[in-house]
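# Close look at the chain arrangement
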Amino acid sequence: MPASPSTARAINDRLALRLLQQDGPLTATQLKTLTGLSRPTVADLVERLQGAGLIRVVGESGAARRGPNARLYGIVADRAHLAALDVRTDSVAVVVADLLGVTLAEATLPIGSDTGTHAAAEQAAALLERTAREAGAAPLHSVGIGAPGLIDPVTGELRDTTGLPAWHRRLVRVLQQRLPATVLVENETNLAAVAEHRAGAARGRDTFVLLWLGHGIGAAVMLDGKLRRGASGGAGEIGFLPVPGATGVPSAANCDGGFHSLVGSAPVCELARRHGIDARTRPGSGQQEPAAASAVRAALAGEGESEAFLGALADRLAVGAAAVASVIDPGCVVLAGEVGHAGGDALASRVEERLAAMSPLRTEVRAGVLGGSAVLRGALLAAREAAQDELFTAGG
């Protein structure tokens, strides 16, 4: 059944806006070429989107060209302001951006383990509000939050998870109640996968598994371009995976004895010390970077028994990667997070070599390129998608 005129206009408007966001600024002629629409249809949608305050003339194409055909149209970046939060066990990081994703302000706040639930949530919320206000970005339109733990696939709420601070859930509720904004929460590793897929190591791969290697570990499963969260939101809780080489087996409440016991930051640091490598966080490293990332960088610089350490770490990582490959056959595994980024291609190639010897399924191993910033990048993408879904539809 053919689309109604209003539906057709909405579809055309969204297509033009997506192109302007990805490839803009663009002239009307360029929009005509990219969309395949007729010149009158493009002229109508340009006028309509300008009237809705979504696009404006931002310049002219070519130094010698003048007139309507030379006008360059671009998204009105300040039509909506966005924010992203990376919520960790002992800190919160905030970034505020415009509709095009350009960063306007950033801030980070440590949260002590002795800080009460209410106080911690209030401090984090105040940080976001202050950062947005100082950037001239208040009120915010959409806020994306990346947090450890399970997200209920039905309600979209952060579940109460053993071992994680209670202030995480409290913060989400505070922001939802306090802000005149759409507030979304997603598992941090899933957001990292979105970011690496859009702008990092997984570009060009619609099916892959991301292993987050930081203070803790996690996994995200992307199949055919879509995140797979599982029946309870727990897909990717790879820290609980029973693996050879660990002492004991994990329990429902504790991942000690699981894959976390081999490749979490603490066991990697212990492995580094046994090979004569200083596992302390080095001066100049990121504020939230785990010591394991510093140990990997030191090994790659030749400190201690570097080859033996990197080989042993690759052996451990390959055990978990082989388990994932045997079940999902993703064709690609991304070693992300601060440790994966620190290891780079050198660590990824070692893991790929060992994985090839363990599994008959051909699996490429890539190093994440976004490091610890991937969660914030993913949360900002989620906020931007939410804003676009509302604004671009309204423009139609």
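These notes cover the structure that comes with them. Remember, predicted model here, so these are calculated numbers, not experimental data. (Residues numbered from 1 in each chain as written. Predicted model: local features only at pLDDT ≥ 70, side-chain atom pairs only at ≥ 80, totals over all residues. Heavy atoms only, no water.)

## Notes on the sheet that holds strand S7 (residues 182-187)
With mixed pairing, the five strands of this open sheet are ordered in space as S5-S4-S3-S6-S7. Each end of this open sheet is capped by a strand with a single partner; those strands are strand S5 (103-110) and S7. Strand-to-strand twist in this sheet, taken as the mean axis angle between neighbours without regard to direction, amounts to 15°. Of the strand pairs in this sheet, strand S3 (residues 81-88) and strand S4 (residues 91-98) are connected by eight bridges, and their pairing is antiparallel. From the neighbouring strand, Ala 83 faces S4, where its bridge partner is Val 96. The strands touched by helix H5 (residues 167-178) are S3, S4, strand S6 (142-147) and S7; relative to S3, the strand with the most contacts, the crossing angle is about 165°. (Pairing = 2+ DSSP bridges. Helix = DSSP H or I, 4+ residues; strand = E, 2+ residues; numbered from the N terminus. Axes fitted to C-alpha atoms, helices over the stretch in contact; angles between N-to-C directions. Contact = heavy atoms within 4.5 Å.)

## So, the environment of Ala 43
Looking at where Ala 43 falls in the secondary structure, it is placed in helix H3 (residues 39-51). Considered as a pair, Ala 43 and Lys 32 are eleven residues apart in the sequence and their alpha carbons are 9.1 Å apart.

## Observations concerning the pattern of salt bridges
The tally for this structure, following the rule as stated, stands at 17 salt bridges. The salt bridge involving Glu 270 is made with Arg 273; its shortest N-O contact spans 3.5 Å. Pair noted here: Glu 270 and Arg 273 are both in helix H8 (residues 265-274), with a separation of three residues, about one helical turn. Under the relative-accessibility criterion, Arg 273 is labelled partly exposed at 48%. Overlapping salt bridges bring together Arg 14, Arg 18, Arg 198, Glu 385 and Asp 389 as one network. (Salt bridge = Lys/Arg side-chain N within 4 Å of Asp/Glu carboxyl O. Buried < 20%, exposed > 50% of the residue type's maximum accessible area, 1.4 Å probe, protein only.)

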